[in-house]
Amino acid sequence: MAHFEKKTIEIKDFEELTKRETEIVELLSQGLLYKEIADKIFVSIDTVKKHVGNIYRKASRQ
């Protein structure tokens, strides 16, 4: 059952995230899909994926 547990990312210093990355974290926390986020902020899905990758990279450095 541990496989189905909700995973959380802890970013201690949100100031390290860009304005756009923070916006994407907020939209993800609302349950939006990458496509929905891309449509909402007028970027491509690949751009959203790149931002999410940057968020994870920054989170893993903490």
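Structural data are supplied above this passage.
The structure contained in this document is the topic of the report that follows. (Residues numbered from 1 in each chain as written. Predicted model: local features only at pLDDT ≥ 70, side-chain atom pairs only at ≥ 80, totals over all residues. Heavy atoms only, no water.)

## Here we look at the packing of helix H2 (residues 34-41) against helix H3 (residues 45-60)
- The geometry of H2 relative to H3 is characterised by a closest axis approach of 8 Å and an angle of 110 degrees between their N-to-C directions. The angle between H2 and H3 falls in the class roughly perpendicular. Residue-level contacts link Tyr 34, Lys 35, Ile 37 and Ala 38 of H2 to Ile 45, Val 48, Lys 49 and Val 52 of H3. (Axes fitted to C-alpha atoms, helices over the stretch in contact; angles between N-to-C directions. Helix = DSSP H or I, 4+ residues; strand = E, 2+ residues; numbered from the N terminus. Parallel < 35°, antiparallel > 145°, perpendicular 65-115°, else oblique. Contact = heavy atoms within 4.5 Å.)

## Here we look at the pattern of salt bridges
- Taken as a whole and judged by the stated rule, the model has 3 salt bridges.
- Close ionic contact of Arg 20 with Glu 23 constitutes a salt bridge, the shortest N to O distance being 2.9 Å. In this pair, Arg 20 and Glu 23 are both assigned in helix H1 (residues 19-29), 3 residues apart and thus about one turn of the helix distant. (Salt bridge = Lys/Arg side-chain N within 4 Å of Asp/Glu carboxyl O.)

## Let's talk about the side chain of Lys 58
- Its location among the elements puts Lys 58 in helix H3.
- Of note is the side chain of Lys 58, whose polar atom sits 3.0 Å from the backbone oxygen of Glu 16.
- When near neighbours in sequence (up to four residues on either side) are disregarded, Lys 58 contacts Glu 16, Leu 17, Thr 18 and Glu 21. (Polar contact = N/O pair within 3.5 Å; in protein donor to acceptor, adjacent residues only side chain to side chain.)

## Some thoughts on H3
- The end-to-end C-alpha distance of H3, which contains 16 residues, comes to 23 Å, matching closely the 22 Å that a straight helix rising 1.5 Å per residue would cover.
- Those residues of H3 that sit buried are Val 48, His 51, Val 52, Asn 54, Ile 55, Lys 58 and Ala 59. Angularly, the buried residues of H3 cover 155 degrees about the axis, an arc narrow enough to put them on a single face. Along H3, exposed side chains directed more than 90 degrees from the buried face belong to Asp 46, Lys 50 and Ser 60.
- On its buried side, H3 packs onto H1 and H2. (Expected span 1.5 Å × (residues − 1). Buried < 20%, exposed > 50% of the residue type's maximum accessible area, 1.4 Å probe, protein only. Arc of directions from axis to C-beta.)

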